[in-house]
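Architecture and fold: a report
Read off the chains here:
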Amino acid sequence: MSSSIVGQAVTRIDGRLKVTGQAAYGVEHRIQNVAHGVGVSSTIANGRIVRIDTSEAEKMPGVLAILHHGNFDRMYRPAGSLEEMSRPGESRPPFEDENVYYYGQFVALVIANTFEQAQDAASHVRVQYEAKRPFVRLEQVPAPNKSPDTQSSRGNAEAALQQGPVKLDATYVTPVETHNPMEMHGTIAAWEGDKLTLYETTQGVVNHHNVASQVLGMPPESIHIVSPFVGSGFGCKLFPWPHSWLAAAGARHVKRPVKVAVPRTLMFTTVGHRPLVQQHVRLAATQDGKLVAMMNDVLQHTSVVDEYLENCVDATSMLYSCPNVKAQQYEVPLNVGTPTPMRGPGRTPALFALESAMDELAIKLNMDPLELRLRNYAEKDESSGKPWSSKHLRDAYQKGAERFGWSKRNPKVGSMRKGNEILGWGMATCTWPCHAAGADVRVRLLSDGSAHASCATQDIGTGTYTVFAEIVSDKTGLPVEKVKVALGDSSLPPGPTSGGSAATASVVPAISKATENAIQAVIKAASKAPQGPFHGIDPKQLKMTQGRIHIVDKSPDSGVPFQEILASQHLVGLDGKATSGREHRSYPGDPGPEREKYSIHSFGAHFCEVAFDPEIVRLRVTRWLSVIDGGRIINQKTARNQILGAVVMGIGMGMLEETVYDPRTGHPINNNFADYMVAVNADVPEMECIFLDYPDTVLNEYGARGIGEIGLTGCASAITSATYHATGIRVRELPIRIEKLLASA
Ligand code: MOS
């Protein structure tokens, strides 16, 4: 494997298609005779529809149909689950009844010849509601009076907390955040007889397929999901949402293909969000910084119709060594759409609280925050008692500190200056659990000298196409350009959801084995070929190198290109197939029996610098370094892209992002790119990312563990800690807003 392409910085094989506009995203597929569906969405967040008057809209030009709960074909609630890879985003099908649970819920669909006609008519549908007061903030609802939705404990945290000599007690809040992928949601539905094709943008082709079958009440074989390219998702495309079913029903009704695109405003209501999470953290430590108690009481919201857990208990219980830990978490239903995973779900809010608390505790102890982490280093996973499969966090701290120059940090608040600006330095741990699901992969070696690999997983922009090509190339010796890859289509062998940063670790073993099987098939053909040079030779004496079949002990040059063997046998190609994982689980995935002996997580450390200009109360992130222990890196380029992209989101989370609901109506008032701010180029400094590259072979032969989401965890607390270092102001409720810093100016 010395000259292997694996681990190099390989350019995306689909990159050219994307930058030249040839890669068709969900609603860009060119379908003949397509009609356009535009949703009418509710302007109340709690109540019921009393009357829908479509009379004026129906008469408008181009209108083909107006569907609502009064005239809609029956749909079903999916009985599926995450484990069965059939989880919906929202379990209530659209137009089930007259009830309204959140602002922006679809109450009608107008279908017309053109998009403009549909949009115009949709604005003329009159809906009369009976509105009740919505609950859109945690403080509007009573404290939960039930057992926790999840919890973890060891030792006696309450008692230890009483005795701990140095204590910290603080509450941290991460607000609702909305996923804003460049490609918004949308579906084109096309029927051919009783067969349905859905052109989608999804992180889970197989999951979408299974849910569609259940919601629409159709046999799975009658549904085809197509999603070859996805303009990212960040979690909001893991599970299907109501617009998909509206497109399907609309197309059946008007007997034409129907396109339903979700506009940016409805990205804030009907396709998930990260829930608000409030964490009450209490820590106790000895004078020399050894944690003796950790408690985290977590409150988060979900919707009225679904449960959704943003698990912050898990990180609290595994990140540090501490004998007494208690964490519990409650879900509180609010009148908002159902929340859904958003990049680094659970650990991202959890680490904002935990890592901020560690920084605050370090200050109380008069100790360097990095030193406090080292004194509480977890040598095993104390929440489960299991050993780590591979953990090099100490290495990440040390490499990061060295490279960043951490030893030059003067801990005194406001003491580091650069011109008119005050510098602040902060650091935080990051971590993400490793999940790996099952995958079926088919690899075909073809008589034109190319290879073809296929799987019904998908590339959401992270580089999965390229990972497939790299592994096939590594095994066969063919250049990456000779490997064609087909993904994002439910007719291919079933593959995992692209979620939990698990796709690479899930598919790599199956690609590798399938390629070996295809090579063996060619070798067998070579040994059988009557006229060939290897006739009668035991297949065990043959191997394939650089695309050539040759005798094991001899050089590849002595062999024959594999395509000549196929051609001589009049074969167009030979297949290898393989399955990895026990079942096709999606998110979080099935660890499998061998892996169950270990606790498998990625780790790392962020170091950042902020610059604060007190004159104009301007705070900027000016320097960033992330050191990631994420197993073997299959592709340096796409991996780096994942971490840097996640850090950009982290800057957004720390300083800009918050979805704000009007408490009177439940309307997300900043539901657009002008008012909901994300980090842009001007907000992003020079960033550096270092991979430690220790293979985690508990998982697979390549030791790839999965990276991506880990990059976001810890970022926001690194920023707020740096901000404290510069200004003396501790922001415990994100994002850091200018008004919060005015006091220090
Ligand atoms: Mo991620 S939240 O699994 O896209």
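Worth saying up front: this structure is predicted, and the values here are computed from it rather than measured.

Procedures and definitions
Residues numbered from 1 in each chain as written. Predicted model: local features only at pLDDT ≥ 70, side-chain atom pairs only at ≥ 80, totals over all residues. Heavy atoms only, no water. Helix = DSSP H or I, 4+ residues; strand = E, 2+ residues; numbered from the N terminus. Buried < 20%, exposed > 50% of the residue type's maximum accessible area, 1.4 Å probe, protein only. Contact = heavy atoms within 4.5 Å. Polar contact = N/O pair within 3.5 Å; in protein donor to acceptor, adjacent residues only side chain to side chain. Pairing = 2+ DSSP bridges. Axes fitted to C-alpha atoms, helices over the stretch in contact; angles between N-to-C directions. Parallel < 35°, antiparallel > 145°, perpendicular 65-115°, else oblique. Left-handed = near helix turned anticlockwise from the far one by under 90°. Nonpolar A, V, L, I, M, F, W, Y, C, P; charged D, E, K, R; others polar. Core = buried A, V, L, I, M, F, W, Y, C linked by side-chain atoms within 4.5 Å. Expected span 1.5 Å × (residues − 1). 1 Å grid on protein atoms, 1.4 Å probe; cavity = no way out; pocket = protein on both sides within 12 Å on 5 of 7 lines; lining within 4 Å. Points joined across faces, edges and corners; volume = space filled by probe spheres on them. Salt bridge = Lys/Arg side-chain N within 4 Å of Asp/Glu carboxyl O.

1. Quick notes on the environment of Y377
With respect to the element layout, Y377 can be found in the loop between α10 (369–375) and α11 (393–404). Since its relative accessible area comes to 9%, Y377 is described here as buried. Distance in space between the C-alpha atoms of Y377 and Q546 is 46 Å, their sequence separation being 169 residues. Setting aside its immediate chain neighbours within four residues, Y377 contacts S321, K391, H392, L393, R394 and Y397. One polar contact links the side chain of Y377 to the main-chain amide nitrogen of R394, over a distance of 3.0 Å.

2. Section: the environment of V277
Take V277: it is sitting in strand β13 (residues 277–285). For V277 and Y103, which are 174 residues apart along the polypeptide, the C-alpha to C-alpha distance reads 20 Å.

3. A word on the pairing of strand β3 (residues 63–68)
Among the six residues that make up β3, five are buried, leaving the element largely enclosed by the rest of the structure. As defined by bridge partners, β3 adjoins strand β5 (residues 106–112) across five bridges and the pair is classed as antiparallel. Paired with V63 across the strands is A112, a residue of β5.

4. What about the sheet that holds strand β2 (residues 47–53)?
Here three strands make up an open sheet; going across it, the order is β4-β2-β6 and the pairing antiparallel. Edge positions in the sheet fall to β4 (99–100) and β6 (126–131), since each of these pairs with one other strand and no more. Alignment of β2 against β4, held across two bridges, turns out to be antiparallel. For G47, the partnering residue across the bridge sits in β4 and is V100.

5. Focus: the side chain of D629
Note that D629 resides in strand β26 (residues 618–629). Residue D629 is classed as buried on the basis of its relative accessible area of 0%. Among the polar contacts made by the side chain of D629, one reaches the main-chain amide nitrogen of H392 at a distance of 2.7 Å. Excluding anything up to four places from it in sequence, D629 contacts S390, K391, H392, L393, S602, F603, G604, L692, Y694 and R705.

6. Quick look at the packing of helix α15 (residues 636–655) against helix α16 (residues 715–727)
Relative orientation of the contacting elements α15 and α16 amounts to 55°, with a least axis distance of 8 Å. Our classification of the angle between α15 and α16 gives oblique. Our pair here, α15 against α16, has a crossing hand that is right-handed. The segment α15 lies against α16, with V647, G650, I651, M653, G654 and M655 engaging C715, A716 and I719. Among the residues forming the contact of α15 with α16, the class breakdown is seven nonpolar, two polar and no charged.

7. With respect to unusual backbone geometry
The step from L734 to P735 runs through a cis peptide bond, and the omega angle for that step is -10°. Take P735: it is sitting in the loop between α16 and α17 (738–741). Backbone geometry places S232, a non-glycine residue, at a positive phi of 65°. Looking at the element boundaries, S232 is found in the loop between β11 (223–226) and α6 (242–254). The exposure class assigned to S232 is buried, which follows from its relative accessible area of 18%. We note that H570 has phi near 60°; this positive angle belongs to a residue other than glycine. Mapped onto the fold, H570 is located in the loop between α14 (562–568) and β24 (573–580). Using a relative accessible area of 76% as the deciding quantity, one classes H570 as exposed.

8. Concerning the nonpolar core
L283, L361 and F607 are the most contacted members of the largest nonpolar core, which totals 59 residues. In terms of residue count, helix α9 (residues 347–365) provides more of this core than any other element does, 10 residues in total. When residues no more than four places from it in sequence are discounted, the contact partners of L283 are L161, V166, K167, L168, L291, A293, M294, A357, M358 and L361. In this structure, I5, V472, V483 and A510 belong to the second largest nonpolar core, which totals 48 residues.

9. Overview of the sheet that holds β26
The strand order across the open sheet formed by five strands is β16-β17-β25-β26-β27, and the pairing between neighbours is mixed. Every interior strand has two partners, whereas the edge strands, β16 (416–418) and β27 (686–691), have only one. Neighbour-to-neighbour, the strand axes of this sheet turn through a mean angle of 30°, independent of strand direction. Its contacts with the sheet put α11 on β17 (421–433), β25 (601–613), β26 and β27, and the angle it makes with β25 is roughly 25°. Contacts from α15 reach β25, β26 and β27 within the one sheet, and its direction differs from that of β27 by about 130°.

10. Some words on α11
Its 12 residues give α11 an end-to-end C-alpha distance of 16 Å, which sits within 8% of 16 Å, the value for a rise of 1.5 Å per residue. Residues of α11 that are buried include every one of L393, D395, A396, Y397, G400, A401 and F404, and no others. For α11, the secondary structure elements touched by its buried residues are α10, β17, β25 and β26. G405 lies just past α11 and shows a positive phi near 85°.

11. Structural notes on the packing of α9 against α16
Running from N to C, α9 and α16 point in directions that differ by 30°, and their axes come no closer than 8 Å. In terms of axis orientation, α9 runs roughly parallel to α16. The element α9 and its partner α16 pack so that their crossing is right-handed. Taken together, the residues of α16 that come into contact with α9 (itself represented by L351, F352, E355, S356, D359 and I363) are A716, S717, T720, S721 and Y724. Class assignment for the residues of the contact of α9 with α16 results in five nonpolar, four polar and two charged.

12. Notes on empty space enclosed by the protein
By the definition in use, this model includes four cavities of 30 Å³ or more. Computed from the structure, the largest cavity encloses a volume of approximately 60 Å³. As for the largest cavity, its lining consists of H185, G186, E200, T201, T202, H208, K237, F239, P240, W241, H243 and S244. Grouping the constituent residues of the lining of the largest cavity by class yields three nonpolar, seven polar and two charged.

13. So, the pattern of salt bridges
In the structure shown here, the tally under the stated rule is 32 salt bridges. A salt bridge links K326 to E158, with the shortest nitrogen-to-oxygen separation between them at 3.0 Å. Remark: E158 occurs in helix α4 (residues 157–163) and K326 occurs in strand β15 (residues 325–334); sequence separation between them is 168 residues. Beyond isolated ion pairs, a larger network of salt bridges with shared partners links R77, R92, E96 and D97.

By themselves, these observations are geometric and do not establish any function.
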